[in-house]
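A closer look at the structure
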Amino acid sequence: QVQLVESGGGLVQAGGSLRLSCAASGRTFSRYTMGWFRQAPGKERDFVAAITRSGGLTYYADSVKGRFTISRDNAKNTVYLQMNSLKPEDTAVYYCAAAIADRIAPMTSTGVDIWGKGTLVTVSS
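Report on the accompanying structure.

**Some thoughts on the nonpolar core**
Counting 38 residues, the largest nonpolar core has L4, M34, W36, V79, L81, M83 and Y94 as its most contacted members. Looking at this core, the elements with two or more residues in it are β3 (18-24), β4 (33-39), β5 (45-51), β7 (68-73), β8 (78-83), β9 (92-99) and β11 (119-124). Broken down by element, this core gets its largest block of residues, six residues, from β9.

**With respect to the state of the cysteines**
What the rule picks out here adds up to one disulfide. Across the disulfide, C22 is cross-linked to C96 (sulfur-sulfur distance 2.1 Å). Its S-S torsion of about -85° marks the bond between C22 and C96 as left-handed, since a negative value means left-handed. Of this pair, C22 sits in strand β3 while C96 sits in strand β9, and the two are 74 residues apart along the sequence. Here the two residues C22 and C96 agree in accessibility, since each one is buried.

**Re the side chain of S21**
Relative to the helices and strands, S21 resides in strand β3. Setting aside residues no more than four positions away along its own chain, S21 makes contact with V5, E6, S7, W36, T78, V79 and Y80.

**Structural notes on the pairing of β3**
The element β3 is extensively covered by neighbouring structure, given that five of its seven residues are classed as buried. Two strands pair when backbone bridges link them, and strand β1 (residues 4-7) and β3 are joined in this way by four bridges, in the antiparallel orientation. Paired with L4 across the two strands is A24, which belongs to β3. Note: β3 against β8, six bridges, orientation antiparallel.

**Side note on unusual backbone geometry**
Apart from glycine, the bulk of residues carry a negative phi angle, and the bulk of peptide bonds sit in the trans form. Note the cis peptide between A105 and P106, where omega equals -10°. Within the secondary structure, P106 sits in the loop between β9 and β10 (114-115). Even without a glycine there, the phi angle at N77 is positive, about 55°. On the accessibility criterion, N77 (19% relative accessible area) is buried. Positive phi outside glycine occurs at S85, with the angle close to 50°. Position of S85 relative to the elements: it lies in the loop between β8 and β9.

Calculation rules
- Residues numbered from 1 in each chain as written.
- Predicted model: local features only at pLDDT ≥ 70, side-chain atom pairs only at ≥ 80, totals over all residues.
- Heavy atoms only, no water.
- Core = buried A, V, L, I, M, F, W, Y, C linked by side-chain atoms within 4.5 Å.
- Buried < 20%, exposed > 50% of the residue type's maximum accessible area, 1.4 Å probe, protein only.
- Helix = DSSP H or I, 4+ residues; strand = E, 2+ residues; numbered from the N terminus.
- Disulfide = S-S within 2.5 Å.
- Contact = heavy atoms within 4.5 Å.
- Pairing = 2+ DSSP bridges.

Right, here's the structure in full:
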C-alpha cells in the first residue's frame, strides 16, 4: 500500500510562490492517478489539481487555473504542486491524494483511495 507524505507548506505573502511535494512509499506509485485537494478552516475539502498516471494529462480547478501546476516524477515517486501568484484565499491545508481510478476531470474526494496527512499553506495579505 502506498503511503503519502506532503512537504513544502509554510507562510508566504500574497503574490509569492510555494512548491509542495508529496513523496510516496512503495513500488506502485505509477499505477495511481495523483491529485491535490485543499481544506480551508470551516470549509469542505475541495479539489485543486490532478494528473494522470503517466503525467500526460492534467486538470485544474477554475480557482487555480493559470497559477498552479501539478507534475509528477514516477522515478522519484513524487508529485508536485507549484503554486504561483498566491492569494490569501489559497490559505488551507493541502492534501495529496492517490486514486486507482483514472478520473482527473475532476478527481473526486470520494474516489480517493489514499490520503496524505496534509501540509498547511498560509498566504498573508
